[in-house]
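The primary structure of each chain is shown beneath.
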2 protein chains.
Amino acid sequence: MSREELYSWGLKRGITMLRRVKELNITEEDLDTYRNAALQTVGGGIGIALHWIAFTPTIEQQATEEQKKKWLKPAQDVAIVGAYAQTEMGHGTFVRGLETTATYDPSTQEFVINSPTLTSTKWWPGGLGKTANHATVMAQLFTRGKCYGPHNFMVQIRSLENHQPCPGVTLGDIGPKMESNGNDNGFARFDHVRIPRENMLMKFARVEADGTYVQPPSSKLAYSNMVYLRGTFVMSAAQALASATTIAVRYSCVRRQSEMKPGEPEPQILEYQTQQYKLFPQLAAAYAFWFAAWFMTQQHGSITGNMEKGDMSGLAELHALSAGLKSYTTAVAASGVDVCRMACGGHGYSHASGLPALFGGAAALCTAEGENTVMMLQTARYLVKCFVQSQAGKTLTGTVAYLSAVQPSPVAGNRNMSDLGTLVAAFQHRAARMVKHAAMQMQGEMQKGKAREEAWNSCSVLLIKAAEAHVHSFVVRNFAETVQTVEVDESVRAVLTSLCQLYSLYGITEHAGDFLKDGYLTGRDIDAASSHLSAMLARVRPDAVALVDAFDLHDKTLHSVLGRYDGRVYEHLYEWAKKSPLNKSEVHESYYKYLQPFLKNNRAKL
Amino acid sequence: MSREELYSWGLKRGITMLRRVKELNITEEDLDTYRNAALQTVGGGIGIALHWIAFTPTIEQQATEEQKKKWLKPAQDVAIVGAYAQTEMGHGTFVRGLETTATYDPSTQEFVINSPTLTSTKWWPGGLGKTANHATVMAQLFTRGKCYGPHNFMVQIRSLENHQPCPGVTLGDIGPKMESNGNDNGFARFDHVRIPRENMLMKFARVEADGTYVQPPSSKLAYSNMVYLRGTFVMSAAQALASATTIAVRYSCVRRQSEMKPGEPEPQILEYQTQQYKLFPQLAAAYAFWFAAWFMTQQHGSITGNMEKGDMSGLAELHALSAGLKSYTTAVAASGVDVCRMACGGHGYSHASGLPALFGGAAALCTAEGENTVMMLQTARYLVKCFVQSQAGKTLTGTVAYLSAVQPSPVAGNRNMSDLGTLVAAFQHRAARMVKHAAMQMQGEMQKGKAREEAWNSCSVLLIKAAEAHVHSFVVRNFAETVQTVEVDESVRAVLTSLCQLYSLYGITEHAGDFLKDGYLTGRDIDAASSHLSAMLARVRPDAVALVDAFDLHDKTLHSVLGRYDGRVYEHLYEWAKKSPLNKSEVHESYYKYLQPFLKNNRAKL
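The numbers attached to residues start from 1 for each chain and follow its sequence in the written order. Here chains are named by letter from A upward and ligands by number from 1 upward, in the order in which they appear as written. Where local features are concerned, this predicted model is filtered to residues with pLDDT of at least 70; where side-chain atom pairs are given and counted, the filter is 80 or more; whole-chain, interface and lining totals use all residues. Derived side-chain values reflect all non-hydrogen atoms in the structure, with water molecules and hydrogen atoms excluded from consideration.

### Let's talk about the overall build of chain A
What counts as a helix is a DSSP run of H or I of at least four residues, what counts as a strand is a run of E of at least two, and both are numbered from the N terminus. Of regular secondary structure, chain A possesses 19 helices and eleven strands. Overall, the C-alpha framework of chain A stretches about 85 × 85 × 55 Å when taken along its three principal axes. For chain A, the proportion of its 606 residues judged to be buried stands at 58%. In what follows, a contact means two residues having at least one pair of non-hydrogen atoms within 4.5 Å. Within chain A, residue pairs in contact and separated by at least 24 positions form 72% of the contacts whose partners lie at least 6 positions apart. Surface accessibility in these figures is a Shrake-Rupley result with a 1.4 Å probe; residues are shielded only by whichever protein chains are displayed. Here chain A has roughly 23500 Å² of accessible surface; of this, 53% comes from carbon and sulfur atoms. Neither His nor the chain ends contribute to the count of charged residues, in which Lys and Arg are positive and Asp and Glu negative. We put the charge of a Lys on NZ, of an Arg on CZ, of an Asp on CG and of a Glu on CD. For chain A, the distance from the average position of its 60 positive side-chain charges to the average position of its 56 negative side-chain charges is 4 Å. Here the term buried applies to any residue with accessible area under 20% of the maximum for its type, exposed to any over 50%, and partly exposed to those in between, with areas from a 1.4 Å probe on protein chains only.

### Points about the pattern of salt bridges
Residues and elements named next belong to chain B. Note on definitions: salt bridges are taken to be side-chain nitrogens of Lys or Arg within 4 Å of carboxyl oxygens of Asp or Glu. The tally for this structure, following the rule as stated, stands at 54 salt bridges over all chains. A salt bridge links Arg3 to Asp173, with the shortest nitrogen-to-oxygen separation between them at 2.7 Å. Taken together, the positions of Arg3 in helix α1 (residues 3-23) and Asp173 in strand β7 (residues 169-173) put the pair 170 residues apart, joining distant regions of the chain. Of the residues examined, Arg3 reaches a relative accessible area of 9% and is grouped as buried. For Asp173, a relative accessible area of 0% gives the class buried.

### Quick notes on the interface of chain B and chain A
Each partner contributes to the interface: chain B provides 133 residues, whereas chain A provides 133 residues. By convention, the term buried area covers the 1.4 Å-probe accessible surface removed from two parts as they join, with the contributions of both added. Of the roughly 11400 Å² buried at the junction of chain B and chain A (both faces included), carbon and sulfur atoms supply 62%. Considering only the surface of chain B that becomes buried against chain A, Tyr349, Tyr574 and Phe598 of chain B emerge as the three largest contributors, covering 7% of it. Remark: the boundary between chain B and chain A carries 14 salt bridges. Notably, a salt bridge pairs Arg96 of chain B with Glu259 of chain A, separated by 3.2 Å at the nearest N-O pair.

### Side note on the packing of aromatic side chains
All names here are of chain A. Centres within 6.5 Å make a pair out of two Phe, Tyr or Trp rings, where for Trp the six-membered ring is used; the pair is then stacked when the planes are under 30 degrees apart, edge-to-face when over 60, and tilted otherwise. Inspection of every chain in the model, using the stated rule, returns 37 aromatic pairs over all chains. Summarising the aromatic geometry, the rings of Tyr287 and Phe551 are spaced 4.9 Å apart at their centres and angled 35° between planes, so their arrangement reads as tilted. Of this pair, Tyr287 sits in helix α6 (residues 273-308) while Phe551 sits in the loop between α16 (544-549) and α17 (555-558); the two residues are 264 residues apart in sequence, bridging distant segments of the chain. Pair check on accessibility: Tyr287 and Phe551 agree, each one buried. Arranged with centres 5.4 Å apart and planes meeting at 50°, the rings of Phe291 and Trp294 form a pair that is tilted. Taken together, the positions of Phe291 and Trp294, both in helix α6 and three residues apart, correspond to about one turn of that helix.

### Digging into the sheet that holds strand β8 (residues 186-190) of chain A
Working definition: the strands of a sheet are paired by backbone hydrogen bonds and lie parallel or antiparallel to each other. Residues and elements named next belong to chain A. Strands sit in the order β4-β8-β7 across an open sheet of three strands; the sheet is antiparallel. The open sheet has two edge strands with one neighbour each: β4 (122-123) and β7 (169-173). Judged from the five bridges that link them, β7 and β8 form a sheet pairing that is antiparallel. Its bridge partner being in β8, Val169 is matched across the sheet by Phe190. Strand pairing is assigned whenever DSSP identifies at least 2 bridges connecting the two strands.

### Points about the relation of the copies chain B and chain A
Copy one and copy two of the chain differ by a rotation about an axis and a translation along that axis. Each copy of the sequence occupies a distinct position, and chain B is placed on chain A by a rotation of 180° and an axial shift of 0.0 Å, giving an RMSD of 0.1 Å. A rotation of that kind, with that shift, is consistent with a two-fold axis. For chain B, the minimum C-alpha distance to the rotation axis belongs to Gly513 of chain B and amounts to 1.7 Å. The superposition of copies rests on a least-squares fit of C-alpha positions from residues with pLDDT of 70 or more in both.

### Thoughts on the sheet that holds strand β4 (residues 122-123) of chain B
What the three strands build is an open sheet, ordered β4-β8-β7 (chain B); its pairing is antiparallel. Both edges of this open sheet fall to β4 and β7 of chain B, since each of them pairs with a single strand only.

### Some words on the pairing of strand β9 (residues 193-196) of chain B
Residues and elements named next belong to chain B. Where burial is concerned, the two faces of β9 differ: the one with Val193 and Ile195 is buried and the one with Arg194 and Pro196 is not. The pairing of strand β3 (residues 110-114) with β9 spans four bridges and is classified as antiparallel. By the bridge assignment for β9, Val112 is matched with Arg194.

### Focus on the pairing of strand β5 (residues 134-143) of chain A
Residue and element names in this part refer to chain A. Burial runs high along β5: nine of the ten residues are buried. Here four bridges tie strand β1 (residues 82-85) to β5, and the two strands are oriented parallel to one another. Looking at the pairing, Ala83 lines up with Ala135 of β5. Inspection of the sheet shows strand β2 (residues 101-105) paired to β5 by three bridges, in the parallel sense. What sits directly across from Thr101, in β5, is Gln140. For β5 and strand β6 (residues 146-156), the ladder comprises nine bridges, and the chain directions are antiparallel. Bridge pairing links His134 to Gln156 in β6.

### Here's the deal with the nonpolar core
Inside soluble globular proteins, nonpolar side chains tend to come together where they are buried. Think of a nonpolar core as a cluster: buried Ala, Val, Leu, Ile, Met, Phe, Trp, Tyr and Cys residues, connected wherever their side-chain atoms sit within 4.5 Å. Counting residues in hydrophobic clusters, the biggest one holds 259 residues, and the most contacted among them are Phe289, Tyr503 and Ile508 of chain A together with Phe289, Tyr503 and Ile508 of chain B. For Tyr503 of chain A, the contacting residues outside a window of four places in its chain are Pro281, Ala284, Ala285, Ala288, Phe289, Tyr328, His472, Val475, Val476 and Phe479 of chain A.

### Quick word on the packing of helix α3 (residues 49-62) of chain B against helix α4 (residues 65-76) of chain B
All names here are of chain B. Where helices are involved, their axes are fitted lines through C-alpha atoms of the stretch in contact, as for all axes, and angles between N-to-C directions lie from 0 to 180°. At a minimum axis distance of 9 Å, the contact between α3 and α4 shows a crossing angle of 160°. Considering the angle they form, α3 stands roughly antiparallel to α4. Seen from above, α3 lies across α4 with left-handed handedness. Counting all contacts with α3, which are made through His51, Trp52, Phe55, Thr56, Ile59, Glu60 and Gln62, the residues of α4 involved are Gln67, Lys68, Trp71, Leu72, Ala75 and Gln76. Think of it as three bins: nonpolar holds Ala, Val, Leu, Ile, Met, Phe, Trp, Tyr, Cys and Pro, charged holds Asp, Glu, Lys and Arg, and polar takes everything else, Gly as well. The residue inventory of the contact of α3 with α4, partitioned by class, reads six nonpolar, five polar and two charged. Any angle that falls under 35 degrees is termed roughly parallel, while one over 145 is termed roughly antiparallel, one within 65 to 115 roughly perpendicular, and all others oblique. By the definition used in this description, the sense in which the near helix is turned from the far one sets the handedness, with an anticlockwise turn below a right angle giving left-handed and a clockwise turn giving right-handed.

### Focus on the environment of Pro597 of chain B
Residue and element names in this part refer to chain B. Turning to its location among the elements, Pro597 is positioned in helix α19 (residues 589-605). Pro597 sits in the partly exposed class, given a relative accessible area of 40%. In this structure, the C-alpha to C-alpha distance between Pro597 and Val78, residues 519 residues apart in sequence, is 56 Å. Residues contacting Pro597, with those up to four places away along its chain left out, are Tyr591 and Tyr592.

### Side note on unusual backbone geometry
All names here are of chain A. In this structure, Gln109 takes a positive phi of about 55° despite not being glycine. Position of Gln109 relative to the elements: it lies in the loop between β2 and β3 (110-114). The partly exposed category is assigned to Gln109, whose relative accessible area is 35%. The phi dihedral of His163 falls on the positive side, at around 65°, and the residue is not glycine. Considering the arrangement of structural elements, one finds His163 in the loop between β6 and β7. His163 gets classed as buried once you look at its relative accessible area, which sits at 1%.

### Topic: the side chain of Ser504 of chain A
Residues and elements named next belong to chain A. By secondary structure assignment, the location of Ser504 is in helix α13 (residues 490-510). Whenever a nitrogen or oxygen atom comes within 3.5 Å of another N or O atom, the pair is scored as a polar contact, on the condition that within protein one atom can donate a hydrogen and the other can accept it, and that pairs from neighbouring residues in sequence are kept only if both atoms are in side chains. Within the structure, the side chain of Ser504 is placed 2.8 Å from the backbone oxygen of Cys500, a separation counted as a polar contact. Contact partners of Ser504, with chain neighbours within four places excluded, come to Leu420, Leu423, Phe427 and Val476.

### Here's the deal with helix α4 (residues 65-76) of chain A
Residue and element names in this part refer to chain A. Regarding α4, the residues found buried are Gln67, Lys68, Trp71, Leu72, Pro74 and Ala75. For α4, the elements touching its buried residues are α3 (49-62) and β6. Looking at the residues trailing α4, positive phi occurs at Val78, about 50°.

### Observations regarding the packing of helix α6 (residues 273-308) of chain B against helix α7 (residues 315-343) of chain B
Residue and element names in this part refer to chain B. One way to put it is that α6 packs onto α7 with a least axis distance of 10 Å and a crossing angle of 155°. The pairing of α6 with α7 is recorded here as roughly antiparallel in orientation. Viewed along their axes, α6 and α7 form a crossing whose handedness is left-handed. Seen from α6, the contacting residues are Gln275, Lys278, Leu279, Gln282, Phe289, Ala292, Phe295, Met296, Gln299, His300, Ile303 and Met307; seen from α7, they are Leu315, Leu318, Leu321, Ser322, Leu325, Tyr328, Thr329, Val332, Gly336, Val339, Cys340 and Ala343. Taken together, the residues that form the contact of α6 with α7 break down as 16 nonpolar, seven polar and one charged.

Structure representation (structure tokens):
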């Protein structure tokens, strides 16, 4: 499909989806599920989905009751269609750096929305280019000559009559991308566009008619929504890995290749240890991340409940964890999907496999909603703070409690590397050691005279690695606790336990240096881990197809010839190829235009 | 561009290129350069380039003098256009498993080319679908009732008059792929197509008129060409990293983000240690792989010379190294290009960056011309053989000499981690230890009663890692030797030495476990490596732009708005976006078709 066809198709599909959501008359409780579903379709490239997952929730969360009356129902009923316009050409994750301005004019009681520079052009928001007629625009609020930082404003950007851009608004699509090309990720420039004062979303901060700025009661409230949104990214990471492993595991049972033993038939490629080593850790990660997303959802629910009672405790911890989890899981998912793609050999490179599109979708998760490195550094900042508090005698709790309990000198010995408790303890020791090491290194740099910011920058690689180790240890512990407590059949628990061991042992062998460095694990422990891992690969093998089938992904969702449930890969690869646009004619028109005259001319000269 | 437009564009560009090559009347010496250039364009997706890099060389190398008279000049003058048809739907790297048959019929002195199964369909060859009118077809040779394995046959597949497929031949395009969509990677099925006996490429093996099969004088001759071809992949890996780092390093000097110190202007993002840690190891790898490709070219030349004198020594070693190098460098390049893409944040995801296409091109290198895991296992097989020979008292030479010299017990101590000799020795110790460990593990499995093939499979993850360590140590040593011996200005040598240290130290910290496991390096050594690495990141920073400019990649080659030589990124991002097909009209036609009626209907119900 051409870019235009893709956009049309996406719009049609998005509207169909929104129509269904409305017809089903969904409840508040269902909403989360649907938002997740909508988020999934964004991967497929539908700009209008952002109306549902970003624009409408912003009204819900940031508008006053009066504002909700005006915009929420039209948004929910899709009488207006909106985009969430935050990112600019020159600034993404660093929101404080945004350049769009909203300057209050008390004489008319209006805000003037303006794009003062080229780099202030809003850039990337989904649906902004061609679809939306409204947008919540994040802009630096100026009133009475003072800047109060970024705030959200409701701006009508296209006419409801003829869809033409409103006066002073320049709109367009930002052009083709790696994937998601049905989505009109757009740009917007504002040339002194005037909106009523009441169009500032004022649930928290307010600007009075005379231009007085009124502080929000707590700036922490905004964090809660970020935590929620990042949780959806963890779930998306799990789903990307679930899809990719479903395709690759099924195909690896269809594909036969090479000789394992001379003279015997070619084995299914899933019999090769190297293939298991590629796919099973990704399969285990899909489960691990799914459970991590569950944890986030539960914690977010409980913390939101506490916040309504005025209890903010636990929010900072969960916020820090959510940033790191978003970063870690999406990075592992993107590279894991590509491992699955390559494990399908050449056919993985064809769009028939569905894997290039899955990779493009997973790759987008790494830079969207907070760039992954910046996210991980947020987690690191929290961990360093915790370490300092712990040094000062404070007892840490929750997901960081183990940082207080780090042993000063490791107890080496022949550990039982197939015991989940031993593995969890090893991950926690590693993380605690690395957090301590990074924090001490930073303190050392400052003692040598570096400013705090310089010391931070010169230790940032160590800090990132420490934060990754923390998140990794959380994922392992949460996986282990889930398989021990989840209500399932004991035979299912046994399989999940093997998968959890596999995930943990893989992590240890891949990061062996972190465990060996201070002697916490010995070379013999690593050999034991490596040999247990081989055993787990073999043990998971017979259940691998069941473990991917359990994701319950329909062929219509997978869009993969290789991952078909019925295994009839080759027949359908041939049918799929026949539909290539180049096969519409036996001799392509470009032959007559370019090739024929060239060959004829060359033949004549022979 | 639609798939059809892409194909047309590719064909036109490919023909222009071939025309230029002819007009320039290039010499034999120039040929290699041009083939490399052609290989590059394959990344851009031009099927006809395969005529030049695969079809024509096959004639040169595998045809008799008489056959050359018939086909070489027409091929060189592009009076015929050919594809190299080896890979099938069901078999790729495992060439012995190919199913296409060429059965000799002495009664007519013809071969019958046949596709007996669906999976025997030729699948993937570039240019085969719509462009080529000839193909060298790899098929299992049957004569006098016996199969002699895969051989190459010249088959005309389309009419020279009207480009229609020849009788019995079914052709087509295999459909859209991750990248390279201007290339008509094709399929071909043969229904008992008869070709003269003389169409078997008979420089080596022959079939006499009566059907007698005559063995080739040495089966080793074919290896030489494989070594050459894999060398071009190493060069392509280097070029992919060169392009990606050029884009990302330049953009990181244009992009400013966040606050390093409160109140100060936003720094260039290349000032952040985390950004340097992403980009500089890729930059160093580009140089390291370039030097490795040089080594391969020189060695291939010298060994070809020896072979002509009947001396086959060194071929097996170089062949094994070439397989592992192809695997290692292309894998690092593909993931490295993606690191560069993500280091450009959201804009890296836009095709304006040029990085998604570069990634697609690099990713193709991992599964093409021998799947990477299979390639690395070839190297492992050779290393195990060498280890066994070394145990039996044989002194190893060349790139594997160090395997004989592995110290039984490591000498630990505070090593000077900024000394190149120390770093090279550490890499060699690591590789030797891992080869020994994998080989001993395999011997152990066999002693426990496993068949050799089972033992091989159950140790294959260890074997792969050992082979990777061997290749890695080669790349490090070759890099160190090159910077010490290459004739350059001393100031240039100093910069290259820093880059080589950076590359080596990065490898040690990323694989710390391999060096710590037997105590060869200590935790203190790793800390020293890590701190020297930080110092090298800072030292390379001022030269980073010069180091990418030295690749001398023109804007026209890079196709990247972010990587522009003049740094005018944002202006051109805006200009580029305006050209999006969706921006041809202010209101897209799909608005009238889908969105307007939907919104109108919803408004009416409000």
